[in-house]
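# Observations on the model geometry
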There are 2 protein chains.
Amino acid sequence: MSEKQVTAAVLVIGDEILSGRTRDTNSGHIAHYLAQIGLETREIRVVPDVEEEIVAAVNALRSRYDYVFTTGGIGPTHDDITADGVAKAFGVGISEDPRALALLLERIAPQDLNEARRRMARIPDGAELVANPISRAPGFWIGNVIVMAGVPAIMQAMLEDVAPKLARGVKILSETLDAHGLPEGAYADALSALAKALPDVSIGSYPQLSDGRFKNQIVLRAKDARALAAAVAKTLEMLAEISARHSL
Amino acid sequence: MSEKQVTAAVLVIGDEILSGRTRDTNSGHIAHYLAQIGLETREIRVVPDVEEEIVAAVNALRSRYDYVFTTGGIGPTHDDITADGVAKAFGVGISEDPRALALLLERIAPQDLNEARRRMARIPDGAELVANPISRAPGFWIGNVIVMAGVPAIMQAMLEDVAPKLARGVKILSETLDAHGLPEGAYADALSALAKALPDVSIGSYPQLSDGRFKNQIVLRAKDARALAAAVAKTLEMLAEISARHSL
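Quick caveat, the model's predicted, so the values are computed rather than measured.

Attention now moves to the pattern of salt bridges. Per the counting criterion, the structure on display carries 23 salt bridges over all chains. Note that A:Arg122 is salt-bridged to A:Asp84, the shortest N-O span being 3.0 Å. In this pair, A:Arg122 sits in strand β5 (residues 122-124) while A:Asp84 sits in helix α4 (residues 82-90), placing the two residues 38 residues apart along the sequence. Overall, A:Arg122 belongs to the partly exposed group, its relative accessible area being 25%. Residues participating in the shared-partner salt-bridge network are A:Glu43, A:Arg45, A:Arg64 and B:Glu53.

With that out of the way, let us pick up the relation of the copies chain B and chain A. Two copies of the chain are present, and they differ by a rotation about an axis and a shift along that axis. Each copy of the sequence occupies a distinct position, and chain B is placed on chain A by a rotation of 180 degrees and an axial shift of 0.0 Å, giving an RMSD of 0.0 Å. Those values place the two copies in the arrangement expected of a two-fold rotation axis. Minimal C-alpha distance to the rotation axis in chain B is attained by B:Arg45, lying at 2.2 Å. A share of 100% of the interface residues of chain B reappears at the interface of chain A, consistent with the copies meeting face to face through the same patch.

The next thing to look at is the confidence of the model for chain A. Low pLDDT means the predicted atomic positions in that stretch should not be read closely. Looking at chain A as a whole, the pLDDT averages 94, with 98% of positions reaching at least 70. Listed scores for the predicted complex are pTM 0.94 and ipTM 0.93.

At the junction of the two partners, chain B supplies 60 residues and chain A supplies 60 residues. Taken together, the two surfaces of chain B and chain A that pack against each other cover about 4,600 Å², and 54% of this comes from carbon and sulfur. On the chain B side of the interface with chain A, the three residues burying the most area are B:Arg21, B:His78 and B:Tyr206, jointly 13% of the side's total. For the interface between chain B and chain A, the tally reads 2 salt bridges. Among the ionic pairs, A:Glu53 bridges to B:Arg64, the shortest N-O distance being 2.8 Å. The interface formed by chain B and chain A includes 16 residue pairs in polar contact (both at pLDDT 80 or more).

Looking at chain A, the domain boundaries give domain 1 (6-165) and domain 2 (173-246). Inter-centroid distance (C-alpha atoms) of domain 1 of chain A to domain 2 of chain A is 38 Å.

Residue and element names in this part refer to chain A. One open sheet accounts for 3 strands, arranged β9-β13-β10; its pairing is antiparallel. Looking along the sheet, the strands with just one partner apiece sit at the ends: β9 (173-178) and β10 (202-206). Neighbour-to-neighbour, the strand axes of this sheet turn through a mean angle of 20 degrees, independent of strand direction. Inspection of the sheet shows β9 paired to strand β13 (residues 217-222) by 6 bridges, in the antiparallel sense. If you follow Leu 173 over to β13, its bridge partner there is Ala 222. Packing against the sheet, helix α8 (residues 184-197) makes contact with β10 and β13, and its axis sits at approximately 170 degrees to β10.

The rules we used
Residues numbered from 1 in each chain as written. Chains lettered and ligands numbered in written order. Predicted model: local features only at pLDDT ≥ 70, side-chain atom pairs only at ≥ 80, totals over all residues. Heavy atoms only, no water. Salt bridge = Lys/Arg side-chain N within 4 Å of Asp/Glu carboxyl O. Helix = DSSP H or I, 4+ residues; strand = E, 2+ residues; numbered from the N terminus. Buried < 20%, exposed > 50% of the residue type's maximum accessible area, 1.4 Å probe, protein only. Least-squares fit on C-alpha atoms with pLDDT ≥ 70 in both. Contact = heavy atoms within 4.5 Å. pLDDT = per-residue confidence, 0-100. Buried area = accessible area lost by both parts, 1.4 Å probe. Polar contact = N/O pair within 3.5 Å; in protein donor to acceptor, adjacent residues only side chain to side chain. Domains from an automatic or database assignment. Pairing = 2+ DSSP bridges. Axes fitted to C-alpha atoms, helices over the stretch in contact; angles between N-to-C directions.

Right, here's the structure in full:
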């Protein structure tokens, strides 16, 4: 079993997210999907449809993480400028890609292939295509950057296409424990001591408000199943002890 | 009417978002709320519970935007390190704040005020408190950075507390038009020409997939109501023309 961590960042591109018009569900989907296959998402950013912002974010993220997954901005309209931004970030040219054009022609009649639709065949030099089984217009993969559509169903299909080709780290295992209705403040000191004593396990406490009452969960994450099991046992023991004292 | 833009960034702090365990709804809520009161969200970032990541993101964002709104990491557990990160970003000290302590004691009996709970009263030097009407433990405001809880109901209440004190820019007006079932590629060239001819109006096209068919919307945004009305009229005229040709 490899001990290597494979890291990722998600870059969401689109004014509609920043204006609050559209709620971004893509970044959450990607982070969850990647965690399942052993990649660790370390950062998410949302930037507007502004070329220099896209260029700066792509370059900041691709130099720090093993993979960058972008969503949005690869359609046929004037505000779809992701491909140009990514080409600029890599300092490569961009032009109509015959493979991408052939894919578009699977769905679009030749007489309907206007200038706007041809934009969707513009791919940075040296990029590989990412399949779009839903509406054909492909995403692409250049260096460690994977460029996907913003429409959730299409993005999800593209992620499926890409997944088998990704390097994978060791999958992080996790268990979620119910905090028995205890308030965080009742177990935080003990949990902190546990976290210090168990450096191979990452321990988080997540308060949730339900009908005005806290319903907290403790999440334990580790690479090693035995270390995780031992930490779960210790945490449950700690919670039982504090519950007993609380009900005295 | 002021022409000034007031810009904002949202910084979400929490491993649980990056692991895909919890879906972030806070950033979308904040972006939408700010847009309603005339602030323009220009960037959203999600970073893990790692001090140097928090410090770097706070400093990157506070130097670029008028306001930074953070969520998450101000509870009593060991993974709640936002206050320390923000103090470090500003290069100021952090200590137990008597005002914050008094608020905690409104809800917590003195004998239950353990070390972990006291952590929630640690506030960077020079910060103002942000009220938490739900569970008392306050957020805070230092420089142009507003630090709020991660629990959505509490974050939303904190945002309400802060809103009246924010500088406001001119509110951006917007209209959403239905693209009459036309595919993006059919109107993208015409829309691009419109966008170029109307520099005071920001025009976006948003594809949506519903039952396997695209159901697109065109969103027009402008500061001036008359400019917006004129752009809406021109866009509808353009759509009508293309629809007529499409049904020939």
